[in-house]
Amino acid sequence: MAFYNEDQWLSWIDQLSEDDHVVIDNFIEEGVYQTARSFLMEKLEDETFAKAKIGPGSEEQVVSEIRGDYIYWLDRTRDTTLFPFFGLIDETIQVLNRYCYLSLSGFEFHLAHYPAGSFYKRHLDQFKSRNNRMISMIIYLNEGWKPGNGGELKIFQDKGDLIVEPLARRCVLFKSDTVPHEVLKTQVSRYSLTGWLLYMPSGVGRILG
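In this numbering scheme, every chain counts its residues from 1 along its sequence in written order. Two thresholds apply to this predicted model, a pLDDT of at least 70 for residue-level local features and 80 or more for giving and counting side-chain atom pairs, whereas whole-chain, interface and lining totals are computed over all residues. Excluding hydrogens and water, the side-chain figures rest on all heavy atoms present in the structure.

(A) View of the sheet that holds strand β9 (residues 171–175). An order of β1-β9-β6-β11-β4-β3-β2 is seen for the seven strands of this open sheet, with the pairing classed as antiparallel. With one partner strand each, in any of the chains shown, β1 (21–24) and β2 (50–51) form the two edges of the open sheet. For two strands to count as paired, DSSP must find a minimum of two bridges between them. Runs of H or I in DSSP of at least four residues are treated as helices and runs of E of at least two as strands, each being numbered from the N terminus. In this sheet, strand β4 (residues 104–114) lies alongside strand β3 (residues 70–73) in antiparallel orientation, the contact comprising four bridges. Looking at β4, one finds that isoleucine 71 is bridged to alanine 112. Contact definition: two residues touch when any of their heavy atoms are within 4.5 Å. Helix axes are fitted only over the stretch in contact, all axes being lines through C-alpha atoms; the angle between N-to-C directions runs from 0 to 180 degrees. Each of β4, β6 (133–140) and β11 (190–199) touches helix α3 (residues 83–100); the most contacted strand, β4, lies at about 135° to it.

(B) Representation of helix α1 (residues 6–19) in the model. Here a helix's expected span is defined as the number of its residues, less one, multiplied by 1.5 Å. With 14 residues, α1 ought to run about 20 Å at 1.5 Å a step, and its terminal C-alpha atoms sit 20 Å apart, in line with that. Residues of α1 that are buried in the fold lie against β1, α3, β6 and β9. Each polar contact in these results corresponds to two N or O atoms within 3.5 Å; when the atoms are within protein, one needs to be able to donate a hydrogen and the other to accept it, and residues that are neighboring in sequence are counted only if both atoms are side-chain atoms. Taking the backbone nitrogen of aspartate 7 as reference, a side-chain oxygen 3.2 Å away marks asparagine 5 as the first, capping residue of α1. Looking at the residues trailing α1, positive phi occurs at aspartate 20, about 70°.

(C) How the structure looks around unusual backbone geometry. Even without a glycine there, the phi angle at aspartate 20 is positive, about 70°. Checked against the element boundaries, aspartate 20 lands in the loop between α1 and β1. The exposure class assigned to aspartate 20 is partly exposed, which follows from its relative accessible area of 24%. A positive phi angle, near 60°, is found at glutamate 47, a position not held by glycine. The buried label applies to any residue whose accessible area, calculated with a 1.4 Å probe on protein chains only, is under 20% of its type's maximum; exposed applies above 50%, and partly exposed to all values in between. Since its relative accessible area comes to 71%, glutamate 47 is described here as exposed.

The structure is reproduced here in C-alpha cells:
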C-alpha cells in the first residue's frame, strides 16, 4: 500500500529538482511519528546513543567544535518496531528512481539527539572520498517545538538562506552533494530521524538499509 499518490509525489519531486531541496509538513502519519518518537526515547533511556563523529569510515573523529549531537544507527533487521518508517523510505527511493533516474539502491539512517547548547556547523553531506550519498532526508520528532527553542536547519542558497523550523512530522529532502547546511544552536533537546538515500552502496560505509 502506497503512502502517497503519484500527484503528491510529483509536486514534491518537482520542487526538489528545481530548488535542490523540498520541505514537506506532516510527511509521516501521526501513528508512525509516535512510534518513532517512543523508540527514540527508549534508546535514549537505554543509553545506546553515541557521540556523533565527522568524516567517512576509518577517518571518523569526534570534533565537538563542529558537531555536538548523539546518534543511534538504525538497522531494519534489528529495529523492527520502525517497520512502517522503513516502508516509507522504500517508497521514497522507488519514486525518486522512477522520476529522477537516480539508481538509488539503499539507505542509512540514524536517530539524532541534539542536547541543549549543541549544534552542527556548516557542511555538505557528501564526502570527497565517498560519493554515494545522493539525497539527504530529515524527519523531525520534536514535540511542541516553538520559536526560541533553536535547532533550526539553515540551508545556504544564493538567493537567500532558508531557515527551517524542526517541527514534528516535518520532512526535509535535499541533494547531499550540492546543499550546504547547518544545525543552529538548540536551546532544548532536539530529535530527528536523519539519513541518506544511497547510490551503489554495496561494500561502502555503514549500510543498514
